[in-house]
Amino acid sequence: MLNVLFVASEAYPFAKTGGMGDVIGALPRAFTKDVDARVIMPLYSTIPKKLRETFKSLGHLYVQMNDKFDYCGIFTCDYEGVIFYFIDNEAFFNRPALYGYFDDGERFIFFCRAVLDAIPYLDFTPDILHCHDWQTAAVPYLLTHQYRMIFPDMKSVFTVHNMKYQGVYDFDHINGYLHLGFLPSDLEFYGRINLLKGALYSADLVTTVSPTYAEELKDPYFGEGLEGVIREISDREVGIINGIDESCYDPRTDSALTIPFADSDNKKAENKKALQKHLNLPIREDVPMISMITRLVEQKGLDLVANVIHEILQMDLQLVILGTGDSVYEDLLQSVAYNYPDKMSAIIGFDEPLSRRIYAASDFFLMPSKFEPCGLSQMIAMRYGAIPIVRETGGLKDTITCFDSKTKQGNGFCFATYNAHDMLFTIQQAVSLYTETPELFQDLIKKAFNTHSDWTLSANTYLAQYQKLLGE
Ligand code: ADP
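Undergrad: Could you clarify how one ought to interpret the sheet that holds strand β3 (residues 56–65) in this entry?
TA: Whether parallel or antiparallel, the strands of a sheet pair through hydrogen bonds between backbone atoms. If you walk across this open sheet you meet the nine strands as β3-β4-β5-β2-β1-β6-β7-β11-β12, and the pairing is mixed. For this open sheet the edge positions go to β3 and β12 (237–239), each flanked by a neighbour on one side alone. Going from strand to strand, the sheet's axes swing by 25° on average, the running direction of each strand aside. In this sheet, strand β4 (residues 68–79) lies alongside β3 in antiparallel orientation, the contact comprising nine bridges. Across the sheet, Q64 pairs through a bridge with F69, a residue of β4.

Undergrad: What's the story with the side chain of Q276 in this structure? I'm lost.
TA: Along the chain, Q276 turns up in helix α11 (residues 268–278). The class for Q276 is buried, based on a relative accessible area of 1%. With residues up to four places along the chain from it excluded, the contact list for Q276 reads L281, P282, I283, R284, V287, M289 and Q318.

Undergrad: Would you mind showing me how to read the packing of helix α4 (residues 104–118) against helix α5 (residues 138–145) here?
TA: Think of two packed helices as two axes; the pair is described by the angle between the axes and how far apart they sit. α5 packs onto α4 with a crossing angle of 50° between their chain directions and a minimal axis gap of 9 Å. Judged by the inter-axis angle, α4 sits oblique to α5. For the pair α4 and α5, the sense of crossing is right-handed. Mapping the contact onto sequence places C112, R113 and L116 in α4 and A138, V139, L142 and L143 in α5.

Undergrad: I'm lost on helix α1 (residues 19–30) in this one. Help?
TA: Across its 12 residues, α1 extends 16 Å between first and last C-alpha, which sits within 8% of the 16 Å expected from 1.5 Å per residue. Most of α1 sits inside the fold, with nine of its 12 residues counted as buried. Among the residues of α1, M20, G21, D22, V23, I24, G25, A26, L27 and P28 are the ones counted as buried. In this fold, the buried residues of α1 make contact with β1 (2–7), β2 (35–42), β5 (82–88), β6 (128–132) and α19 (456–469).

Undergrad: Explain the pattern of salt bridges here, please?
TA: Scanning the entire structure with this criterion turns up 23 salt bridges. Here R107 and D104 are joined by a salt bridge, their closest N and O atoms 2.8 Å apart. Of this pair, R107 and D104 both sit in helix α4, three residues apart, roughly one helical turn. Of the two residues examined, R107 and D104, each falls in the buried class. One salt bridge connects R356 with D254, and the closest N-O pair in it is separated by 2.9 Å. Of this pair, R356 sits in helix α14 (residues 352–361) while D254 sits in the loop between β12 and α11, placing them 102 residues apart in sequence.

Undergrad: Where do I start with unusual backbone geometry in this structure?
TA: Trans peptide bonds make up most of the peptide bonds, and negative phi angles are found at most residues other than glycine. The peptide bond linking Y12 to P13 adopts the cis configuration, its omega dihedral lying at 10°. Of note, P13 is situated in the loop between β1 and α1. Despite not being glycine, E80 has its phi angle at roughly 50°, a positive value. Mapped onto the elements, E80 comes out in the loop between β4 and β5. Positive phi, normally seen in glycine, also occurs at Y190, with a value near 50°. The topology assignment puts Y190 in the loop between β9 (188–189) and β10 (192–194).

Undergrad: Would you take a moment to explain the site of the ligand for this structure?
TA: Neighbouring the ligand are 23 residues; G19, R295, K300, G349 and Y359 lie closest to it. Between an oxygen atom of the ligand and a main-chain N or O atom of G19, the distance comes to 2.6 Å. Residue D22 places a side-chain N or O atom 2.8 Å away from an oxygen atom belonging to the ligand. Against a free-state accessible area of 570 Å², the protein chains account for coverage of 93% of the ligand. Listed by contribution, the elements that provide at least two residues to the shell around the ligand are α1, β13 (289–296), β14 (318–325), α14 and α15 (377–383).

Undergrad: Looking at this model, I keep getting lost on the nonpolar core. Mind explaining?
TA: Side chains of a nonpolar character, in soluble globular proteins, are inclined to be buried together. Counting residues in hydrophobic clusters, the biggest one holds 174 residues, and the most contacted among them are I87, L178, L195, L200, M344 and I427. With nine residues, α4 is the single largest residue contributor to this core. Excluding residues that lie within four positions of it along the chain, I87 makes contacts with I40, M41, P42, L43, C72, G73, F93, F110, F111, A114, V115 and A118.

Undergrad: Teacher, can you tell me more about the packing of aromatic side chains here?
TA: The geometry of an aromatic ring pair is captured by two quantities: the separation of the ring centres and the angle between the planes. For the coordinates displayed, the defined rule picks out 27 aromatic pairs. Measuring from ring centre to ring centre gives 4.1 Å for F55 and F86, while their planes differ by 15°; the resulting arrangement is stacked. In this pair, F55 sits in the loop between α2 (49–52) and β3 while F86 sits in strand β5, placing the two residues 31 residues apart along the sequence. Assigned by exposure class, F55 and F86 land together as buried. Measuring from centroid to centroid gives 6.3 Å for F93 and F110, while their planes differ by 45°, and the two rings are tilted. With a gap of 17 residues between them, F93 in helix α3 (residues 90–93) and F110 in helix α4 connect regions that are remote in the sequence.

Cut-offs applied
Residues numbered from 1 in each chain as written. Predicted model: local features only at pLDDT ≥ 70, side-chain atom pairs only at ≥ 80, totals over all residues. Heavy atoms only, no water. Pairing = 2+ DSSP bridges. Helix = DSSP H or I, 4+ residues; strand = E, 2+ residues; numbered from the N terminus. Axes fitted to C-alpha atoms, helices over the stretch in contact; angles between N-to-C directions. Buried < 20%, exposed > 50% of the residue type's maximum accessible area, 1.4 Å probe, protein only. Contact = heavy atoms within 4.5 Å. Parallel < 35°, antiparallel > 145°, perpendicular 65-115°, else oblique. Left-handed = near helix turned anticlockwise from the far one by under 90°. Expected span 1.5 Å × (residues − 1). Salt bridge = Lys/Arg side-chain N within 4 Å of Asp/Glu carboxyl O. Near = heavy atom within 4 Å. Polar contact = N/O pair within 3.5 Å; in protein donor to acceptor, adjacent residues only side chain to side chain. Areas by Shrake-Rupley, 256 points an atom, 1.4 Å probe, with all protein chains shown as cover. Core = buried A, V, L, I, M, F, W, Y, C linked by side-chain atoms within 4.5 Å. Phe/Tyr/Trp six-rings, centres within 6.5 Å; stacked < 30°, edge-to-face > 60°.

This is the structure in structure tokens:
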């Protein structure tokens, strides 16, 4: 049995701001009997009370941060067969949101130190610490440079879910928490500390969330300044595509849906009607509905949408956007929706049940990302019979191929160049397939329902990598 401790800043259903939360909620459960995978994460005050009530205390310790010692409570629970551990500190984690604070660097270095200090107190000895994104990047670094004597054989795996977020802080700001004294070259980034860079150099294995993104990261367009480091460590960098939890995203059993549906019945249309009613859009079965459910940030192609939104809304379609993020996009989308009340609805916020109702109601799901490490939404969309319209990048390229109406090959609509008019043209093609050849569109929907993106394949690939790392 191989013991793996997932170290992450979010895990569904305890805390989630994006795809990484989904991954940590689902992947540990996907391993079969060969792996005992557990999760350790911060105990945020935003974790739903119902879940918090199931937590049991394992004790507490004090973590050295600079010249002070901070309290660290350790809690645990068993959620659907997976053991979760939680690091408690009210000063750091009793906040209204997960991220976005002036002291995020300090908060997450505390978390990383607390994880390493807490391991001896757990009823579990990890062979591997599998860390995710910059918030946990100090773990491989500290393990290699400061905790090696305590854990001589422990390996670390670091997964980059998004290279855009690296945890870069002024040396004077976080040096004390890392107990450095000077700025070592494997952390240095233009005179500052880059936590992600430290993890790339220290981890025994670096993974990212799709084979295409693993290659793209070697290119300055995607590498965010660390392309040179990625090229240097490429012999221990692999891309493993994410899956989705198909039992969690199942239109037949999803309690968030107005009318649960199966691919063979005709009830998807009723979900469209219910959403149109809910959003005050004209109730029309024949109008194609295109949706986006996304963080409203540049990465997601919002500037392309903003560029041609009036052209898009000239077509006979309905556009539904659920998201939260940069205020410039929030304001713009709301004001356009205000001007096209019969065609567009923009809901600003993070709303999990509504997101599921939108997937279920939509005919198309738009993801014109500038870059997309993996992307889960396109896979979730297909589960609910919404056809992805994507830009060919990262995981979108690995999961969606262009539909060819002659050969009937392909499962979505794609464009290659990051260009608003290429996107517009692709949307026009999608809409014309919907209106002019409904039988072909129905074939596409059938194909989407039959596409399986569960975790089995990815879990097996991770297992093979873990075994290689441990020399088994
Ligand atoms: P990323 O991790 O880059 O945000 P992904 O496509 O990998 O993008 O995952 C996004 C996840 O977050 C999906 O499960 C999606 O449904 C969900 N999501 C994004 N924005 C919202 C929102 N405003 N409300 C509800 N769910 C959202």
